[in-house]
Amino acid sequence: MSDHEMIAERRDVFHAVDNLTKPSNNESCAISVAAPALRFGLRMDATAAAAAGKPAGFDLSQSINSLRQSVADAASGRLSARLGPDEWLLIAETGADAAEALMAGLTADLGDVAHTLVDVSHRNLAIELTGSAAADVLNTGCPLDLGDQAFPVGTATRTLFAKAEIILCRCENVGQQPLYRVECWRSFGRYMHAYLQESAELIGARV
Amino acid sequence: MSHANRLAGRGRIDRSKPIIIQFNGREVPAYHGDTAASALIANGILHVGRSFKYHRPRGVLAAGAEEPNALLDIDRGNGRRDPNNRATVVEAFDGLVTRSQNHWPSLKYDVGTLNDMASPLFSAGFYYKTFMWPSAAWKRVYEPVIRRAAGLGKAPTVPDPDRYVHSHAHCDVLISGAGPAGLAAALAASVDGSRRIIIADEQNEFGGTLLHDLTSTIDGLSASDWVAQTVATLSQRSNVRMLPRTTVVAYYNHNHIALNQRLTDHQSNPSKGMARERLWQVRAGEVIAATGAHERPLVFAGNDRPGMLLADSLRAFINRYGVTPGRNVVIATSGASAYQAAIDAKSAGLFVTIVDYRKRDEIGDERLLATQAGIEILDNHSVIGSTGRTQVTGLIVAPKTASGGVGDVRTLNCDAVGMSGGWTPVVHLVSQSRAKLVFDTALDAFIPGEAYQSERSAGACRGVYALDECLANGHEAGSGAGAAPSAKSSEATGFEPVRLMPTNRQKLRDKAFVDFQNDVTAKDINLAVQEGFQSIEHVKRYTTTGMATDQGKTSNINALGIVAGALELTPPDVGTTTFRPPYTPTTFGAFAGQARGVLFDPERITPMHDWAVKKGAKFEDVALWKRAWYFPQGRETMHDAVQRECRAVRESVGIFDATTLGKIEVVGPDAAEFLNRIYTNSWLKLKPGRCRYGLMLKEDGYIMDDGVVARVADDRFHITTTTGGAPRVLGHMEDYLQTEFTDLKLSLTSTTEQWAVIAVQGPNARDVVAPLVSDIDMSNDAFPHMSMREGKVCGVPCRLFRVSFTGEAGYEINVPSDYGEAVWEAVYAAGQPYDITPYGTETMHVLRAEKGFIIVGQETDGTVTPEDVGLSGLVSKVKADFVGKRSLARPDLVAEGRKQLVGLLTLDPDVLLDEGAQIVDDPQAALPMPMLGHVTSSYVSPNVARGGTGDPQQSGDGRSIAMAMIAGGHSRVGTRLYATTREGFTEVQVTKPVFFDPDGGRANV
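Residues numbered from 1 in each chain as written. Chains lettered and ligands numbered in written order. Predicted model: local features only at pLDDT ≥ 70, side-chain atom pairs only at ≥ 80, totals over all residues. Heavy atoms only, no water.

Caption draft 1: Region of interest: the overall build of chain B. The number of helices and strands found in chain B is 26 helices and 51 strands. Computed over C-alpha atoms, the radius of gyration of chain B comes to 38 Å, more than 25% over the 30 Å expected from 2.2 N^0.38 for 1005 residues, which places it beyond the range of a compact globule. Each principal axis of the C-alpha atoms in chain B carries an extent, and together these give about 115 × 70 × 55 Å. In chain B, which comprises 1005 residues, the proportion classed as buried is 60%. Looking at chain B as shown, the accessible area adds up to about 39400 Å², and 52% of this sits on carbon and sulfur atoms. Separation between the mean location of the 104 positive side-chain charges and that of the 113 negative ones in chain B comes to 3 Å. (Helix = DSSP H or I, 4+ residues; strand = E, 2+ residues; numbered from the N terminus. Rg over C-alpha atoms; globule rule 2.2 N^0.38 Å. Buried < 20%, exposed > 50% of the residue type's maximum accessible area, 1.4 Å probe, protein only. Areas by Shrake-Rupley, 256 points an atom, 1.4 Å probe, with all protein chains shown as cover. Lys, Arg positive; Asp, Glu negative; His and termini not counted. Charge placed at Lys NZ, Arg CZ, Asp CG, Glu CD.)

Structural data, given as structure tokens:
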């Protein structure tokens, strides 16, 4: 047993990147790195999901390729994206680092429902895009139809952006503006961010 | 004189915005709205280039994308330069710098003109016939000379400073072309707002031919006003995306269409951030091709002099740009449409004569209109030739006789000629879509037949030429409600196809050009037929007709007609060539898009990457990862750095970034059974907290991947894979889980990036790590080699592995990625009393080779079994089945003499073998010498004694070591063989593949 007191500092992949989001007062797409979040990969079959209720505040009732945003309590937002018949990505937006506690809560709430849970909080990071040109910026690397009919609020899917695999979520609008959350693996973070920023400039969404 | 050829009061140019462009260093005044071509013509510069093969003076032939002659080198400043731009599509802006091409020393005096005089030599197949012999001369003489002569323009020498961007888009209807048919289609398709429409046109303005139509009216408006009104209407509709300066370049499967949009080429000072071009990939529900038609030149001797244009292009220059190449115009035609060009030229104040190939009774109402305009018409005439050099001075014409010959010739003095040999629908896009093309004899053209994809065509590209019909056709294609726009037009259509104008001067006919860009004459094509070529595909390759960058837009049908005529076949019997993307030349930048520099490929970096950069590490690429390769100090060489790092790990402690190893979390009640079926060895009895090395085969029995696996809990395993193998292994496992082992309940989750992995290896590893760890008993008894504990390091959760890929006692600290760098720094600080040494992948490779640990992909190559690399002990004899088990019994996998892993020690310890070097038994053997195998790994080890094994501090100071795959290798241990070197051979001792600490005691301390 050691007697040291130190707690290691948390640093995301953008820690040492200068001028990450040069603020621009002339942009129709704002690109920002989302706050650290807790994430779990939840796997269970559809019948189990029907019996699962809302474990730890996560709503799992949606159809494939859609997401649910809900609030468990005043402090912590909950987002669940159903990526396949038996696969959910659970995201808890919270500053506190309490993966063990949330996992325990999920496990307790799920009880006898057959499931598996894996902590992937640090595997992914998220970049958010908002503004009237957000979909156009995403379409510089993502081939999906992001029109309101094909990709309305509440859509979430695993897809590609340029040469990176991403999970693309269309969250609740912010005012009149769309909000997209792009989840990618940590090591692709700088590539993703630089690509989005470059593309936004190139199509005139950031001047 | 500036603007000498400008016509007063005409054109869409903005005379209030004068600009100056440069041509070959000369200042050329122009107006906003001009193209480079119209600016040059306005100033009487008609000779703008030299032809490809004969270096003949050439001028502008067309007014649009089909231009074969007027290719300019364009310089937009700051290294933004490229050759072979069609002057007719280059928008003029103030400061644009243009130069002519393909001449030396100057445009006016060009030694290449000798080719023209020697032209009888350069007939079809010239290269094939001439440079047959001696074959040795190809390499040293013919090829270098031909290469210098070949090609047009000079490639830029500096990297392209422009930026390019890709975009994806989806729409219900994509309309290619914004002429009358395209605009009518867009209006109709977008009217109810339910469908998303994209309409693209290659020109700066929408309108197509309407932009130079001064006489027609549509819905009571002038053509120009109707275009303006329509563009305004469409831009009000939120479901319409309008893309000017955008060429639909390619049509692929599933209505996947590529469009290239030029964003800044027309600007003097493009804003810095903007892309030069935007390549759109559109997935369209339906495509409407409204791509128009190209006019054909007439084929007669000297049909290529500057000042001789296509008739409707001449009309476009006069009406749209207010310029003319000359005041004395002859319109030579075999059809009706050119009469409107003549009438418009006349109304512009030019002197105009019409020479019509058709007999008087074959000419329609257009005759009366021209006569009323005061134009003289020579009907039933052929064109024999032309005079002039850098500008046409006369057209030699003669009446046709009843016998098919010609009568007395006369020369019509002129300084501008408009030619019309009929029209060719632009079927490139529909052909690319794999629609059938059918030959319409009445139209003398291929037109779109049955569609292959969801596509239809409208207007001139399907042979519908009359304006009113074009509008109706477009309206119908747009499947809109309401009435189609209705036009009143005096333009006439219809023409009589003529392949070669009759002549009485056969000699002159040598220079009757069919393909202007590749300098292919009618004589060349006839010669090809005479020599036995019958398919148009063969004639094309033999003569190069249609193979220039214009893809034969003005020449293909004329060439086909000449071949058909010579063979006495119909054109469809000769066939048509295949249209391939891109429709017009497209920049490399557009294809590259954003993928240049750091965005070329993702560079995956670990949490400790920035620390390694600061420490001066050199990196190597492993898959997409950047991995620290070695950490040179000061001016240390790679060799010295690696030797130092290798010693430090064995003597004290090293720290290594192992984050990139693939990791998969296997969770579920059947997790152990799943691993039991995937790996060759047994997993059911592995206790939680313990690790095991696992070997994985493909179905064919060959090694696929390996790695250490820890059992975290009864129902949870933490698997590691090779760095490059991670995606492959996860895919392999998912494949079996979803298709073969559907009875098992478990899930697979990639956790490669959840964990930063800090390997701390060496005799002092425990002393460094233990003070940072809480909640884990670090004693050797409580936490032995090949075990895993969960706890906290530096106050954050960790999975602490006691494993070793070095042979030393050591740990791999797994912490959530965002903590990786801080924990690494803490370990590094804690290691200072022990001179902790960061080491890279090269040292890792050396250390594992000293221990004889294989690297999948280095010792193995996809054809290696566990037995081959001495790992048969890892293959369970008792398990009922596992992936690859049956294949291990295949006769060739159990045969004698398979290549097997051995160690090699050179007799001279200072000789380092090359990886890949061949191993032979007898270097004197006759050729081809039997080869036994090859070296797979070879390093200089500072830790292996010169004698071979043991401690170098006692018996010497390091030596070379190698691993090899050798036929029957296991039975050759103890013998001597030879390895190839760059000079010859060197003798080697075959050993077991372990050079250091053969008992493995050091890892267990």
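Moving on from the model shown.
Caption draft 2: Looking closely at the domain arrangement of chain A. Residues and elements named next belong to chain A. Domain boundaries assigned for chain A yield domain 1 (30–35 + 123–202) and domain 2 (38–119). Here the C-alpha centre of domain 2 lies 22 Å away from the C-alpha centre of domain 1. Tallying the contact residues gives 15 residues for domain 1 and 13 residues for domain 2. With both chains or domains summed, domain 1 and domain 2 bury close to 1100 Å², and 53% of this area falls on carbon and sulfur atoms. The largest contributions to the domain 1 side of the interface with domain 2 come from Ala156, Arg158 and Arg181, which together make up 37% of the buried area. (Domains from an automatic or database assignment. Contact = heavy atoms within 4.5 Å. Buried area = accessible area lost by both parts, 1.4 Å probe.)

Caption draft 3: Molecular detail of the packing of aromatic side chains. Scanning the entire structure with this criterion turns up 17 aromatic pairs over all chains. Taken together, a centroid distance of 6.2 Å and an interplanar angle of 80° make the contact between B:Phe674 and B:Phe741 edge-to-face. Here the residue B:Phe674 occupies a position in helix H19 (residues 671–678), and B:Phe741 occupies one in the loop between helix H20 (726–739) and strand S39 (747–750), the gap between them amounting to 67 residues. In this pair, the class of B:Phe674 matches that of B:Phe741, namely buried. Cluster of aromatic residues (ring-pair linked, three or more members): B:Trp611, B:Phe631, B:Trp824 and B:Tyr828. Taking NZ or CZ as reference, A:Arg78 lies 5.0 Å from the ring centre of A:Phe58, over its face. In this arrangement the basic side chain of B:Arg58 is found over the ring face of B:Phe513, its NZ or CZ atom lying 4.7 Å from the centre. (Phe/Tyr/Trp six-rings, centres within 6.5 Å; stacked < 30°, edge-to-face > 60°. Lys NZ or Arg CZ within 6 Å of the ring centre and 35° of its normal.)

Caption draft 4: Representation of empty space enclosed by the protein in the model. Residue and element names in this part refer to chain B. Inspection of every chain in the model, using the stated rule, returns ten cavities of 30 Å³ or more. Lining the largest cavity are 21 residues, with Asn556, Ile557, Thr576, Thr577 and Phe579 positioned closest to its centre. Looking at the lining of the largest cavity, the elements that each hand over two or more residues are strand S25 (423–425), helix H13 (536–543) and helix H14 (556–567). Top contributing element to the lining of the largest cavity by residue count: H14, with four residues. Broken down by class, the residue content of the lining of the largest cavity amounts to nine nonpolar, ten polar and two charged. (1 Å grid on protein atoms, 1.4 Å probe; cavity = no way out; pocket = protein on both sides within 12 Å on 5 of 7 lines; lining within 4 Å. Points joined across faces, edges and corners; volume = space filled by probe spheres on them. Nonpolar A, V, L, I, M, F, W, Y, C, P; charged D, E, K, R; others polar.)

Caption draft 5: Quick peek at the interface of chain B and chain A. Between chain B and chain A, the residue contacts involve 61 residues of the former and 49 residues of the latter. With both chains or domains summed, chain B and chain A bury close to 4600 Å², and 54% of this area falls on carbon and sulfur atoms. Counting across the interface, chain B meets chain A through nine salt bridges. The salt bridge partner of A:Arg11 is B:Glu821, with a shortest N-O separation of 2.6 Å. Applying the counting rule to chain B against chain A returns 29 residue pairs in polar contact (both at pLDDT 80 or more). By residue number, the principal contributor to the side of chain B that touches chain A is strand S8 (residues 164–176) of chain B, which donates six residues. (Salt bridge = Lys/Arg side-chain N within 4 Å of Asp/Glu carboxyl O. Polar contact = N/O pair within 3.5 Å; in protein donor to acceptor, adjacent residues only side chain to side chain.)

Caption draft 6: Molecular detail of a negative patch on the surface. Among the surface-exposed residues, B:Glu699, B:Asp735, B:Glu740 and B:Asp881 lie close enough to one another that they form a single negatively charged patch. A relative accessible area of 52% places B:Glu740 in the exposed class. (Patch = residues over 30% accessible without salt bridge, like charges linked within 9 Å, V, L, I, M, F, W, Y side chains within 5 Å.)

Caption draft 7: Expanded view of the side chain of B:Glu665. In this structure, B:Glu665 sits in strand S35 (residues 662–667). Of the polar contacts made by the side chain of B:Glu665, one reaches the side chain of B:Arg799; its length is 2.8 Å. The contact partners of B:Glu665, leaving out residues within four places of it in the chain, are A:Val118, B:Arg716, B:Phe717, B:His718, B:Ser747, B:Leu748, B:Thr749, B:Thr751 and B:Arg799.

Caption draft 8: Structural detail: the environment of B:Ala1003. Residue and element names in this part refer to chain B. With respect to the helices and strands, the residue Ala1003 is situated in the segment after strand S51 (985–991). Distance in space between the C-alpha atoms of Ala1003 and Arg296 is 83 Å, their sequence separation being 707 residues. Excluding its chain neighbours within four sequence positions, the residues that come into contact with Ala1003 are His785, Arg802, Ser804, Gly807, Glu808 and Ala809.

Caption draft 9: Spatial organisation of the sheet that holds strand S21 (residues 381–388) of chain B. Residue and element names in this part refer to chain B. With respect to topology, three strands assemble into an open sheet ordered S21-S22-S23, the strand pairing being antiparallel. Each edge of the sheet is formed by a strand with only one pairing partner; in this case those strands are S21 and strand S23 (410–413). Here the average twist between neighbouring strands, direction ignored, is 30°. As paired elements, S21 and strand S22 (residues 392–399) share seven bridges and run antiparallel to each other. Bridging across to S22, His381 finds its partner in Pro399. (Pairing = 2+ DSSP bridges. Axes fitted to C-alpha atoms, helices over the stretch in contact; angles between N-to-C directions.)

Caption draft 10: Expanded view of the pattern of salt bridges. Residue and element names in this part refer to chain B. In the structure shown here, the tally under the stated rule is 63 salt bridges over all chains. The salt bridge partner of Arg245 is Glu91, with a shortest N-O separation of 2.5 Å. Placement of the pair is Arg245 in the loop between strand S12 (240–243) and strand S13 (246–252) and Glu91 in the loop between strand S6 (81–86) and strand S7 (97–99), with a sequence separation of 154 residues. Since its relative accessible area comes to 18%, Arg245 is described here as buried. One network of salt bridges, with partners in common, ties together Arg76, Asp82, Asp265, Arg276 and Glu277.

Caption draft 11: Examining the nonpolar core more closely. All names here are of chain B. If you look at the biggest cluster of nonpolar residues, it comprises 53 residues, and the most contacted ones within it are Phe23, Phe317, Ile331, Leu350, Val352 and Ile354. Those elements that place two or more of their residues in this core are strand S1 (14–23), strand S2 (26–32), helix H1 (36–42), strand S5 (71–75), helix H7 (311–321), strand S18 (328–333), helix H8 (338–347) and strand S19 (351–356). Residue-level mapping places this core at the junction of two domains, with at least three residues from each of domain 1 (14–117) and domain 3 (295–422 + 495–574). The next biggest cluster of nonpolar side chains, apart from the first, holds 37 residues, and it includes Val846, Val864, Leu893 and Phe995. (Core = buried A, V, L, I, M, F, W, Y, C linked by side-chain atoms within 4.5 Å.)

Caption draft 12: Broad picture of a nonpolar patch on the surface. All names here are of chain B. Together, Trp104, Val111, Leu114 and Met117 make up an exposed nonpolar region whose accessible area comes to about 510 Å². You can see Val111 is positioned in the loop between S7 and helix H2 (114–117). Its relative accessible area of 47% is what places Val111 among the partly exposed residues.

Caption draft 13: Highlighting the packing of helix H5 (residues 180–190) of chain B against helix H6 (residues 223–236) of chain B. All names here are of chain B. Taken N-terminus to C-terminus, the directions of H5 and H6 make an angle of 35°; their axes are 11 Å apart at the nearest point. H5 and H6 meet at a crossing whose hand is left-handed. Across the interface between the two elements, Pro180, Leu183, Ala184, Ala186, Leu187 and Ser190 from H5 touch Trp226, Val227, Thr230, Thr233 and Leu234 from H6. Counted by class, the contact of H5 with H6 contains eight nonpolar, three polar and no charged residues. (Left-handed = near helix turned anticlockwise from the far one by under 90°.)

Caption draft 14: Structural context of unusual backbone geometry. Residue and element names in this part refer to chain B. The residue after Pro581, namely Pro582, is reached through a cis peptide bond having omega 0°. Note that Pro582 resides in the loop between helix H15 (571–574) and helix H16 (588–592). Cis geometry is adopted by the peptide bond preceding Pro928, which originates at Leu927 and carries an omega value of -5°. Its place among the elements puts Pro928 in the loop between strand S47 (918–920) and strand S48 (933–941). Unusually for a residue other than glycine, Asn24 sits at a positive phi of about 50°. Relative to the helices and strands, Asn24 is located in the loop between S1 and S2. Its relative accessible area of 36% is what places Asn24 among the partly exposed residues. A positive phi angle, close to 50°, is found at Asp444, a residue other than glycine. As for its placement among the helices and strands, Asp444 is situated in the loop between strand S26 (437–440) and strand S27 (445–448). The exposure class of Asp444 is buried, given its relative accessible area of 3%.

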